[in-house]
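# Structural description and commentary
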Amino acid sequence: MIDERLKIMVKQQLKQRGIVDERVLSAMSKVERHLFVNKSDIDVAYDDRPLVIGCGQTISQPLMVAIMTETLALEGNEKILEIGTGSGYQTAILAELGKEVYTIERISSLQNDAKNVLKKLNYNNIFFKVCDGTIGWDEKAPFNRIIVTAAAPEIPLRLFNQLTIGGMMAVPVGSRYSQELKLVIKTENGEMKVENRSRCIFVPLIGEEGWSK
Ligand code: SAH
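Here's what I pulled together on the structure shown here. Note that the structure is predicted; figures quoted are calculated from it, not measured. (Residues numbered from 1 in each chain as written. Predicted model: local features only at pLDDT ≥ 70, side-chain atom pairs only at ≥ 80, totals over all residues. Heavy atoms only, no water.)

### Some points on the environment of V20
The residue V20 is located in the loop between α1 (2-14) and α2 (22-30) in this model. Not counting the four nearest positions on each side in its chain, V20 is found in contact with L25 and E70. (Helix = DSSP H or I, 4+ residues; strand = E, 2+ residues; numbered from the N terminus. Contact = heavy atoms within 4.5 Å.)

### Examining the nonpolar core
With 45 residues, the main nonpolar core has M9, L14, M28, F36, Y89 and I93 as its most contacted residues. At the level of elements, α1, α2, β1 (51-54), α3 (62-71), α4 (89-97), α5 (108-120) and β5 (126-130) are the ones that each hand at least two residues to this core. By residue number, the principal contributor to this core is α4, which donates 6 residues. Counting 19 residues, the second largest nonpolar core, distinct from the first, contains Y102, W137, I155 and V173. (Core = buried A, V, L, I, M, F, W, Y, C linked by side-chain atoms within 4.5 Å. Buried < 20%, exposed > 50% of the residue type's maximum accessible area, 1.4 Å probe, protein only.)

### Section: the sheet that holds strand β9 (residues 192-200)
Spatially, 7 strands are ordered β5-β4-β3-β6-β7-β8-β9 in an open sheet, and the strand pairing comes out mixed. Looking along the sheet, the strands with just one partner apiece sit at the ends: β5 and β9. The average angle at which neighbouring strand axes cross in this sheet is 15 degrees, direction not considered. Two strands pair when backbone bridges link them, and strand β7 (residues 163-174) and strand β8 (residues 179-186) are joined in this way by 7 bridges, in the antiparallel orientation. Within the sheet, the bridge partner assigned to V173 lies in β8 and is E180. (Pairing = 2+ DSSP bridges. Axes fitted to C-alpha atoms, helices over the stretch in contact; angles between N-to-C directions.)

### What about the pattern of salt bridges?
Enumeration over the complete set of coordinates arrives at 8 salt bridges. E96 is the partner of K30 in a salt bridge, and the nearest nitrogen-oxygen pair spans 3.1 Å. Within this pair, whereas K30 is found in helix α2, its partner E96 is found in helix α4, the two being separated by 66 residues in sequence. Residue classification places E96 among the partly exposed residues on the basis of a relative accessible area of 23%. Residues participating in the shared-partner salt-bridge network are K193, E195 and R197. (Salt bridge = Lys/Arg side-chain N within 4 Å of Asp/Glu carboxyl O.)

### Comments concerning the site of the ligand
Taken together, 25 residues sit near the ligand, with S87, E105, D132, G133 and I206 positioned nearest. Contact between the ligand and G133: a nitrogen atom at 2.8 Å from a main-chain N or O atom of the residue. Broken down by secondary-structure element, the contributors of at least two residues to the shell around the ligand are β2 (57-59) and β4 (100-105). Broken down by element, the shell around the ligand gets its largest block of residues, 3 residues, from β2. Class assignment of the residues belonging to the shell around the ligand gives a composition of 11 nonpolar, 11 polar and 3 charged. (Near = heavy atom within 4 Å. Polar contact = N/O pair within 3.5 Å; in protein donor to acceptor, adjacent residues only side chain to side chain. Nonpolar A, V, L, I, M, F, W, Y, C, P; charged D, E, K, R; others polar.)

What follows is the structure, encoded as structure tokens:
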């Protein structure tokens, strides 16, 4: 039953709407989204929308997870920094597709729940930290990829500084209520190149280089 809904999700919400990266499609076919939502939402876990996960936060819409992941062009050997663990669903997809995932969340109860689910699923390439993710994870830098799953007012420069040369960051940038997904690339000479992708709506990134509460 759930298997069937997962298959339909991948076909109708992802393939038919333009996701083409086979590795992304296969990771999203494998990770079961219903394990990451509130118990009361299991029936709607494969719906085409974000869902509330507690503390006023959300698990992103499957299509948005796929778009952000595809944007990062993961090949398997990347060290990835994720800001906003939330439910841990995006974290699992990244752990399937890269080498190591360093994930930061500012709300410890959310990260604890995510950690429990991810441990049960036997991921051993995910490392957790609770703090303001806008300052990044200096001791573990540089990262080949950075993904910010909350909305920033500007491109967070401290995170950009923690990218390798040739590294890329996917980050929603805009107002509190509507943003543009940006792909930020660190070029050969260390400069910033920015490409605009799709419109999106994320909960706010709260912290030093984000919004104040
Ligand atoms: N990828 C997650 C998205 C969760 S919503 C999922 O699909 O489940 C965004 C998350 O970012 C929230 O859990 C929120 O608490 C977190 N967040 C917001 N500002 C943050 C910051 N400065 N550092 C770390 N996490 C932050």
